[in-house]
Each structure stands twice: as C-alpha cells, then as structure tokens.
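# Report on the structure
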Amino acid sequence: MSDGASESSSAAFCAELVRNHDFENYAATLFAPPRSRRALLALYAFNVEIAKVREQITQPLPGEIRLQWWTDMLAGAGHGGVEGNPVAAELLLAVRNHGLPVERLSRLIEAHQFDLYNDPMPDMTALEQYLDDTSCALFSLAARVVGHETDTMDHLARHAGLAHGIAQVIAQLGFDASRRQSFVPLQLLEQHGVDPEKMFAGQDTPALRAALRALAEDARSHLENAMAMLPDAPPRSRTVYLPLAMVRRAVNDQPRADNDPFMPRPASRLRILWTLWRASRARPFRD
C-alpha cells in the first residue's frame with residue numbers, strides 16, 4: 001500500500017472510530033474548518049482509545065500496560081507496531097502539523113490511570129484536577145488545532161471542559177456504579193447523606209438526587225462562564241465548543257422528576273446533529 005493510501009486509510013479509521021464512540025465530537029468536526037478536520041478526528045480518536053481502556057480489561061495491570069504503550073509512543077519509545085496503529089500514526093501527524101504539546105497528551109493518559117481502579121473520587125478538587133487533565137485538555141488541544149492559543153482561550157477551554165466533564169460524570173453514573181466505581185466526589189456524597197452501597201446497587205434515592213443536582217449546578221456555572229467567554233474566541237475556533245449545546249440540555253434535564261439517574265436517555269444522532277446545527281447558527285457560536 002502506498003504512503004498516500006495508508007494515510008487515507010488511517011484517517012478513515014479515526015473518523016469511523018470517533019463516529020461510533022464519540023458522536024458529539026464527530027458531529028462538531030462537520031462544522032469545523034476543513035483543513036482542521038483530520039487532525040481533530042485524530043485527537044478525538046486518541047481520546048476514545050484512552051478512555052475505553054477501562055472497558056477492555058478486567059484487571060488494572062493490562063490497562064496500565066496499554067496506557068504505558070501510548071505514553072512510550074508519544075515519547076518516541078514505542079517498541080514496534082506504531083506504524084501499524086492508525087490512531088497513533090494520525091496523532092503523531094497532528095502533533096507535527098499543529099505543534100500539539102506532547103506533555104499535555106501524556107498527562108491525559110496519566111489521568112486515565114484513575115479509571116483502572118475502584119478508588120473513589122475524593123472531593124471536587126480532585127475531580128476538577130482529573131477533568132483539567134482530560135476533558136479540559138481535549139478542548140484546549142482541539143482549539144490549538146483550529147489555530148488559536150491564548151491565556152484567555154485557556155480559561156475558556158477550562159470552563160468548557162469542566163462543564164462537559166461534569167455532565168459526563170452525571171450521565172455515566174449508572175455504568176460506573178455497575179462496576180462499583182464513582183466519579184461523583186465522595187465528599188459531596190457524604191454531605192448529602194448518600195449511602196454508596198445503595199448507589200452501587202442502582203437505588204435512586206432523594207439523597208443521591210440532591211448530590212447530583214449540586215453537581216449539575218456546578219456544571220451549569222462553568223457552562224455559563226464558558227458561554228460568556230465564547231464571543232471573544234476567533235470565529236473559526238468556536239466550532240470546537242459546539243458540544244456545549246448538549247451540556248446545556250443535560251443540566252436542564254437533571255432536575256426532572258422522571259429523570260432516572262441510573263438510566264440516562266442519550267440523544268439520538270439526529271438530535272445531536274440538529275442541536276449542534278442550531279447552535280452553529282446562533283450567537284455566540286457565530287458573529
């Protein structure tokens with residue numbers, strides 16, 4: 001296979017991976033500048049690969065080994081097989097073409113080591129640090145791909161990442177609880193009198209709903225800050241933040257009495273496309 005054909009195949013693989021496992025970000029790339037789409041898909045495919053390690057293992061050690069492979073690859077210490085990994089090949093191309101900081105990508109990998117164990121998230125400070133290295137980093141790196149990086153925009157990426165990450169923590173409660181894992185801070189659960197064993201058993205209690213409402217309000221606060229800062233971002237970079245439109249829907253749905261915290265109602269792909277398209281046509285996502 002020629003180099004050109006190989007690159008095209010790797011790019012197509014990344015696009016399909018993101019389309020199947022992270023449709024919100026896949027949909028957002030449809031509105032991004034064409035020259036940025038390939039690198040964005042490489043970045044999001046890398047994130048999918050790292051985030052899904054926990055689902056592919058039954059013991060922490062194999063997960064540690066898989067994450068270490070990615071860390072070594074970024075450090076140039078991969079022991080064979082890098083050329084045969086389409087996501088790694090596309091990510092390295094994006095790093096070279098867009099000057100993506102390897103250190104930030106490596107921190108994202110390191111943060112996901114937490115996923116491999118069932119240790120509780122201790123408090124909001126720990127959760128925000130985890131999200132800063134994962135969700136916030138993804139927004140920051142994507143913004144760099146489309147061509148801007150300033151201190152102000154880093155603040156935007158942080159608020160966007162915290163809002164989006166907290167919304168995901170709420171949405172994935174049922175899945176995480178089923179494997180006796182909780183990203184909802186233990187301190188917050190204790191403040192509201194939540195019995196972790198009832199949560200792990202999938203019992204919907206008033207105490208748990210109160211804790212989730214408090215978490216959703218924190219997400220809403222970060223979302224409002226991000227949306228207030230968005231008009232100051234260069235127009236071409238705003239498409240990176242289109243998934244925030246889905247965060248608003250999630251935090252608005254959280255207080256509803258018929259919203260079972262253990263049975264999320266994921267939006268259809270058509271709904272996601274419609275929501276992101278409407279957002280792309282409205283301020284503050286456009287001039």
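The paragraphs below set out a description of the structure included in this document.

The rules behind each value
Residues numbered from 1 in each chain as written. Predicted model: local features only at pLDDT ≥ 70, side-chain atom pairs only at ≥ 80, totals over all residues. Heavy atoms only, no water. Helix = DSSP H or I, 4+ residues; strand = E, 2+ residues; numbered from the N terminus. Rg over C-alpha atoms; globule rule 2.2 N^0.38 Å. Buried < 20%, exposed > 50% of the residue type's maximum accessible area, 1.4 Å probe, protein only. Axes fitted to C-alpha atoms, helices over the stretch in contact; angles between N-to-C directions. Left-handed = near helix turned anticlockwise from the far one by under 90°. Contact = heavy atoms within 4.5 Å. Nonpolar A, V, L, I, M, F, W, Y, C, P; charged D, E, K, R; others polar. Phe/Tyr/Trp six-rings, centres within 6.5 Å; stacked < 30°, edge-to-face > 60°. Salt bridge = Lys/Arg side-chain N within 4 Å of Asp/Glu carboxyl O. Arc of directions from axis to C-beta. Core = buried A, V, L, I, M, F, W, Y, C linked by side-chain atoms within 4.5 Å. Polar contact = N/O pair within 3.5 Å; in protein donor to acceptor, adjacent residues only side chain to side chain. Parallel < 35°, antiparallel > 145°, perpendicular 65-115°, else oblique.

### Quick look at the overall build of the chain
For the chain, the count of helices and strands is 15 helices and zero strands. Computed over its C-alpha atoms, the radius of gyration of the chain comes to 19 Å, within 12% of the 19 Å expected for a compact globule of 287 residues. Principal-axis analysis of the C-alpha atoms places the extent of the chain at approximately 60 × 50 × 35 Å. For the chain, with 287 residues in total, the buried portion stands at 50%.

### Remarks on the packing of helix H4 (residues 60-74) against helix H5 (residues 86-98)
Taken N-terminus to C-terminus, the directions of H4 and H5 make an angle of 35 degrees; their axes are 11 Å apart at the nearest point. For H4 against H5, the interelement crossing comes out right-handed. Contacts between H4 and H5 involve Trp69, Trp70, Met73 and Leu74 from the former and Val87, Ala88, Leu91 and Leu92 from the latter. Along the lines of polarity and charge, the residues of the contact of H4 with H5 split into eight nonpolar, no polar and no charged.

### Describing the packing of aromatic side chains
Within this structure, the stated rule accounts for eight aromatic pairs. Between phenylalanine 23 and tyrosine 26 the ring centres are 5.8 Å apart and the planes differ by 35 degrees, which places this aromatic pair in the tilted class. Taken as a pair, phenylalanine 23 and tyrosine 26 lie in helix H2 (residues 23-29) at a separation of three residues, close to a single helical turn. The exposure class of phenylalanine 23 is buried, given its relative accessible area of 13%. Overall, tyrosine 26 belongs to the buried group, its relative accessible area being 18%. When the ring of phenylalanine 114 is compared with that of phenylalanine 183, the centres are 5.4 Å apart and the planes differ by 65 degrees; the resulting orientation is edge-to-face. Here phenylalanine 114 is found in the loop between helix H6 (102-111) and helix H7 (124-133), whereas its partner phenylalanine 183 is found in the loop between helix H10 (173-178) and helix H11 (186-191), with 69 residues between them in sequence. For the pair phenylalanine 114 and phenylalanine 183, a shared accessibility class is recorded, and that class is buried. Among the aromatic residues, those joined into a ring-pair cluster are Phe46, Trp69 and Trp70.

### As for the pattern of salt bridges
Scanning the entire structure with this criterion turns up 10 salt bridges. With a shortest N-O distance of 2.8 Å, arginine 38 and glutamate 90 are connected by a salt bridge. Here arginine 38, found in helix H3 (residues 34-51), pairs with glutamate 90, found in helix H5; they are 52 residues apart in sequence, far enough to count as distant. Overall, arginine 38 belongs to the partly exposed group, its relative accessible area being 32%. Between arginine 107 and aspartate 133 there is a salt bridge, and its shortest N-O distance comes to 3.1 Å.

### Quick word on H6
The complete set of buried residues in H6 reads Arg104, Leu105, Leu108, Ile109 and Ala111. Along H6, the residues classed as buried sweep out an arc of 165 degrees about the axis, all on the same side. The elements touched by buried residues of H6 are H3, H4, H5, H7 and helix H8 (135-146).

### A closer look at the environment of leucine 186
Within the secondary structure, leucine 186 sits in helix H11. Considering only alpha carbons, one finds leucine 186 and proline 120, 66 residues apart in sequence, at a separation of 6.3 Å. The residues contacting leucine 186, other than those within four sequence positions of it, are Pro120, Met121 and Pro122.

### Digging into the nonpolar core
Membership of the largest hydrophobic core comes to 93 residues, with the highest contact counts inside it found for Phe46, Leu105, Tyr241 and Leu244. In terms of residue count, the dominant contributor to this core is helix H13 (residues 206-229) (11 residues).

### Concerning the side chain of histidine 222
Mapped onto the elements, histidine 222 comes out in helix H13. Within polar-contact distance, the side chain of histidine 222 engages the side chain of histidine 159 at 3.1 Å.

### Thoughts on the packing of helix H14 (residues 244-253) against helix H15 (residues 269-281)
The description of two helices packed together rests on the angle between their axes and the distance between the axes. Put simply, H14 and H15 touch, their axes get as near as 9 Å, and they point 115 degrees apart. With respect to H15, the element H14 is oriented roughly perpendicular. In the crossing of H14 with H15, the sense of the turn from one axis to the other is right-handed. Between H14, through Ala245, Met246 and Arg249, and H15, the contact on the second element is made entirely by Arg271, Ile272, Thr275, Leu276 and Ala279.

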